[in-house]
Amino acid sequence: MLSNKDNLQVLYEDNHIIIVNKRAGDIVQGDKTGDKPLSEVVKSYIKEKYNKPGNVYLGLAHRLDRPTTGVIVFSKTSKALPRLNKLFAEKDAQKTYWALVKQMPPKTEDTLIHWLKKNPKNNKSSAYIKEIANGKKAILHYKVLKNLDNYYLVEVALETGRHHQIRSQLASIGCPIKGDLKYGFARSNPDASISLHARTLSFVHPVSNEHIHVEAPLPSDPIWEACL
């Protein structure tokens, strides 16, 4: 069920929710840049598709960093939003991420535990092995899926949802994500993206209770395409 209206790739849609494949550079909701957020693009899509008069309701249950890509879900009804929020808050939604890194991780599969401390001045999180004051415990599980010519494809599952968690924790083991200058990668990607993609999302529908599983197609890029 793909739609590319205004470059909007809709992965799943029903009366209560809409799931899209976010492109690099899209901001999920409005910020100080003033750039048109993805939420407004989705609203325009709904308004036009269903010929809705007046304002369109759209709720946001989770976020993705601007330079990343992949699955993001919005609520189309006020009934679904608090239930979606609860799903994400209680970790009942299963997400997997794919990341491209230059260095082979220390192990092919591992669990990383750090304490992350965010610096609001440079919008960056530092990872510490031991507990620190005002640090937030961060846990992720990773697995190396593929050895490409110059990169490694790593799958990540989050146990916690901290600011820049995957970016900071992978960088802390010597594996900054491709294109992520902020966390120590040598070069930027041409489109200013970082090679971190929210690949899959699984959850129980907040209204119908059916099991939903979506997989976001990878960005159109030769290195990503080599992952398949």
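If you're wondering where the values come from, they're calculated on a predicted model, not measured in any experiment. (Residues numbered from 1 in each chain as written. Predicted model: local features only at pLDDT ≥ 70, side-chain atom pairs only at ≥ 80, totals over all residues. Heavy atoms only, no water.)

Draft legend 1. Focus on the confidence of the model for the protein chain. Confidence in the prediction of the protein chain, expressed as mean pLDDT, is 94, and 97% of residues score 70 or more. Predicted confidence for residues 1-5 stays below pLDDT 50, and this span has 14 contacts to residues more than four positions away or in other chains. (pLDDT = per-residue confidence, 0-100. Contact = heavy atoms within 4.5 Å.)

Draft legend 2. Quick peek at helix α1 (residues 38-49). End to end, α1 covers 16 Å across twelve residues, agreeing with the expected 16 Å (1.5 Å per residue, within 8%). When we look at burial in α1, the residues that qualify are L38, S39, V41, V42, Y45 and I46. Projected onto a plane normal to the axis of α1, the buried residues spread over an arc of 160 degrees and lie on a single side. The inward-facing, buried residues of α1 abut β1 (10-13), β2 (17-22) and β4 (69-75). Looking one or two residues past α1, N51 carries a phi angle of roughly 55 degrees, positive in sign. (Helix = DSSP H or I, 4+ residues; strand = E, 2+ residues; numbered from the N terminus. Expected span 1.5 Å × (residues − 1). Buried < 20%, exposed > 50% of the residue type's maximum accessible area, 1.4 Å probe, protein only. Arc of directions from axis to C-beta.)

Draft legend 3. Spotlight on the pairing of β2. Most of β2 is tucked away, with six of its six residues classed as buried. The two faces of β2 match: I17, I19 and N21 on one face and I18, V20 and K22 on the other face are all buried. Note that β1 and β2 share three bridges and pair antiparallel. Note that in β2 the partner of Y12 across the bridge is I19. Two elements, β2 and β4, share six bridges in a ladder whose sense is antiparallel. Its bridge partner lying in β4, I19 is registered against V73. (Pairing = 2+ DSSP bridges.)

Draft legend 4. Representation of the UniProt feature "domain: Pseudouridine synthase RsuA/RluA-like" (unreviewed entry) in the protein chain within the structure. Feature annotation in UniProt places "domain: Pseudouridine synthase RsuA/RluA-like" (unreviewed entry) on residues 16-172, given in this structure's numbering. Along residues 16-172 one finds 19% helix and 37% strand; the C-alpha atoms at either end are 39 Å apart. (UniProt positions renumbered as here; feature names shortened; annotations may be inferred.)

Draft legend 5. Spotlight on the pattern of salt bridges. Per the counting criterion, the structure on display carries ten salt bridges. Shared partners join several salt bridges into a network, and the residues in it are E13, K49 and K76. (Salt bridge = Lys/Arg side-chain N within 4 Å of Asp/Glu carboxyl O.)

Draft legend 6. Helix α3 (residues 165-172), seen in detail. Along α3, six of the eight residues are buried, which leaves the element largely enclosed by surrounding structure. Residues Q165, I166, R167, S168, Q169 and L170 constitute the buried set of α3. Of the residues flanking the end of α3, it is G174, one or two places downstream, whose phi is positive at about 85 degrees.

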